[in-house]
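Commentary on secondary and tertiary structure
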Amino acid sequence: MKIIDRSFNLRGKHVTVMGFGTKNGGSGTIEFLHNKGAEITVTDLLTEAYFGNELDIHRGKIQNLRFGYHDINDFISADLIIKNEGIKRNNEFISAALEHGIPVETPAGLFSILCNQPYIGITGTKGKTFTTELTAHILNYCGIHSIAAGNNCVNPLRCLNSDLFTVLELSSWQLHEFALHEKSPHIACWLNFFNDHMNYYDSIDEYFFDKKAITVNQNKNDIFILPFDEVTIGNVKTKAEKYFFSSNPLNTEKIPQGIIIKNNKFYFKKDITFMEVLNISELPECISEKHFKDLIAAALCCSILSGADPEKAGHAVCSFKGVAHRYEKLREKNGILFINDSAATTPQSVLLALESLNSFPAILICGGGNSKNLDLSIIIESICKKIEMLILFENDSTSEIILDMIKTTSFKNIVKVQSMDQAVISAYSYLLKYKRGTVILSPSCAGSPFFTDIYERGNLFKNSIINLY
C-alpha cells in the first residue's frame, strides 16, 4: 500500500477529500491543502444544503464539489486521497484508488508524519475527550500554551506549524493510521480498554491492535502513561518509560512512579519522592464523581510530565468546568436534578453513571441510536437496582434490545416515547410528586441513526429541560 512521507509536495497536486464532515473535520483539511497550493475536490454523500455556512466559508478554496454521491473518477485520477478516519480502507472507492496506486491518507495520518514537535496522545475506550480537554486546560493554566485536537472535532492538521503544544485525542481509527506510518506520540496515555465498536471491527482483538499503536512505536526517550490495574494494557510491549495512574489508595506503595491517591490527596510519585498535587475535597462538584478520578489522575500525569508545575496543576483542575455530554449536571428544577450523559455510548459507561447517582428516585433515559453490537445485558441488573423508571424510544433498535432483556425481570415501570421532549416531560412529571430525584440521559449506544449524533441527542435533552413548563 502506497503512503506518503514528509517529502511529498502538495503544490499543484489533485487531492480528493472524502467527507466534508459535520464537525469541522473537513474544514481543517481544506485549509491545510489550500495553504499548500493543492487543487481540491470535496466529495460527500450528504447533500450540499446539509453543510450551510461552514461550506460557504471554504467554497472559494475548492475546485470541485460533489455532494449526494461519489464519482469514481475523483478517486482513480487524483494524486492523493484524504479520507475521514472512520471510512474503512476496504470502501469501494478507497479500494479503487489503492488499486490504481494512489496514496490514501487521513488527517491523523498526515499529522503523524508531518509533526516535528513533541506532543501528547491520549486514547482509551471512554474518557478520551474529558482527559484531553482537562490536560490542555492544565497546561494552559500553567503557562504552557496548548490546544486540544484530534477526535474532539478539532482537525489535527490545524496544529501543524503552530506555536501551541498539541494534546491529541486519538480514536482507534486514527491510531490505525498512526500504525501504518509506524508512529506513536512522544507522551502516550492509554486510559482504559473494553469492548466497543463491534459494528466496525470483526473482533475485539482487531480493536485492541489499533489501540496499542499509541505506544508500540515509541522509543526509550518517550513516555507511556497507563492505568496500574489494567493488566491487558500493561502487557503491551513498549520501549518507552512507564508512568502509572490510579485512584485506588491501595496502589499507593505499589506504583513505582506516576499519580497516586494517598490520604484523600493526589500525589505525583517519582522514585521515593511524593509531591502533593491536589486535595480531593477541593474538586469542583461537576467533576467530583468517582468515575472522574482516574481521568483526573491521568491528566495530571500527562501535564506534569509535559512540564507543568505540580501545585499549579492542582489549582488548574479546581477551575475546570467539565465537558459537555459527559455526566454533565445541568440544573435542578423543583428539587429534580438533570444529568446529560449523552456520550455514554457503551454499557460500561452507563454502569459508571448509575454507580455515581446519589439523588433518588432516579429515572434513566436510555437508547436512541446504534448499539454497536455490544452486550447490553450487563446494564439490566443495575437498572433494576438503581432506577425507578426506564424511558426508551419507539422505533429504535437499542431500545428494543433493552426492552426484550428487561422483560425477563420483575422491572415493570417502562415508558416508551417518540422524542426527547416526550422523554423529559414524562420523567419530570413523574418525579414532581416526590419533589426530588434525578433524570439522567445515559444511552448505552451511538447517537445515530435515531439522532444525528451524540451531540444532537445531548443538546435536545438540554433544550427539552429549558422548555419545561
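See above for the structure.
Right, let's walk through the structure included here. Small disclaimer: the values here were computed from a predicted structure and weren't measured.

With that settled, the discussion passes to the pattern of salt bridges. Taken as a whole and judged by the stated rule, the model has 15 salt bridges. With a closest N to O distance of 2.7 Å, Glu31 and Lys61 form a salt bridge. Pair noted here: Glu31 is in helix α1 (residues 25-35) and Lys61 is in the loop between α2 (53-58) and β3 (64-67), with a separation of 30 residues, a long-range link. Residues Lys372 and Asp196 are paired through a salt bridge, measuring 2.7 Å at the closest nitrogen-oxygen approach. Of this pair, Lys372 sits in the loop between β17 (362-365) and α13 (380-386) while Asp196 sits in the loop between β9 (187-190) and α8 (204-211); the two residues are 176 residues apart in sequence, bridging distant segments of the chain. Asp196 matches Lys372 in its accessibility class, with the two residues each being buried. One salt-bridge network, in which partners are shared between bridges, spans Glu48, Asp56 and Arg59.

Attention now moves to the sheet that holds strand β10 (residues 223-227). Within a sheet, each strand pairs with its neighbour through backbone hydrogen bonds, oriented either parallel or antiparallel. Overall, mixed pairing links the nine strands, which are arranged β7-β8-β6-β9-β10-β11-β12-β13-β14 in an open sheet. Either end of the sheet is taken by a strand with one partner, and the two such strands are β7 (146-150) and β14 (273-279). When the angles between neighbouring strand axes are averaged without regard to direction, this sheet yields 20 degrees. For β7 and strand β8 (residues 165-169), the ladder comprises five bridges, and the chain directions are parallel. Its bridge partner being in β8, Ile147 is matched across the sheet by Thr166.

A word on the side chain of Gln174. Mapped onto the elements, Gln174 comes out in helix α7 (residues 172-180). Taking relative accessible area as the criterion, Gln174 reaches 5% and is therefore assigned buried. Apart from the residues lying within four places of it in its own chain, the contact partners of Gln174 are Glu85, Ala108, Gly150, Asn151 and Glu169.

Ile138, Phe266 and Ile296 are the most contacted members of the largest nonpolar core, which has 66 residues in total. Non-local contacts of Ile138, meaning those with residues more than four positions away in its chain, are made with Ala299, Leu300, Ser303, Ala308, Ala313, Ala316 and Val317. One finds Ile4, Val42, Cys159 and Ile233 within the second-largest nonpolar core, a separate group that totals 51 residues.

Orientation of helix α5 (residues 107-114) relative to α7, taken along the N-to-C sense of each, is 45 degrees, at an axis distance of 8 Å. It follows from the interaxial angle that α5 and α7 lie oblique. The chirality of how α5 crosses α7 is right-handed. Across the interface between the two elements, Ala108, Gly109, Phe111 and Ser112 from α5 touch Gln174, Glu177 and Phe178 from α7. Class assignment of the residues belonging to the contact of α5 with α7 gives a composition of three nonpolar, three polar and one charged.

Thresholds applied
- Residues numbered from 1 in each chain as written.
- Predicted model: local features only at pLDDT ≥ 70, side-chain atom pairs only at ≥ 80, totals over all residues.
- Heavy atoms only, no water.
- Salt bridge = Lys/Arg side-chain N within 4 Å of Asp/Glu carboxyl O.
- Helix = DSSP H or I, 4+ residues; strand = E, 2+ residues; numbered from the N terminus.
- Buried < 20%, exposed > 50% of the residue type's maximum accessible area, 1.4 Å probe, protein only.
- Pairing = 2+ DSSP bridges.
- Axes fitted to C-alpha atoms, helices over the stretch in contact; angles between N-to-C directions.
- Contact = heavy atoms within 4.5 Å.
- Core = buried A, V, L, I, M, F, W, Y, C linked by side-chain atoms within 4.5 Å.
- Parallel < 35°, antiparallel > 145°, perpendicular 65-115°, else oblique.
- Left-handed = near helix turned anticlockwise from the far one by under 90°.
- Nonpolar A, V, L, I, M, F, W, Y, C, P; charged D, E, K, R; others polar.

Geometry only, nothing functional implied.
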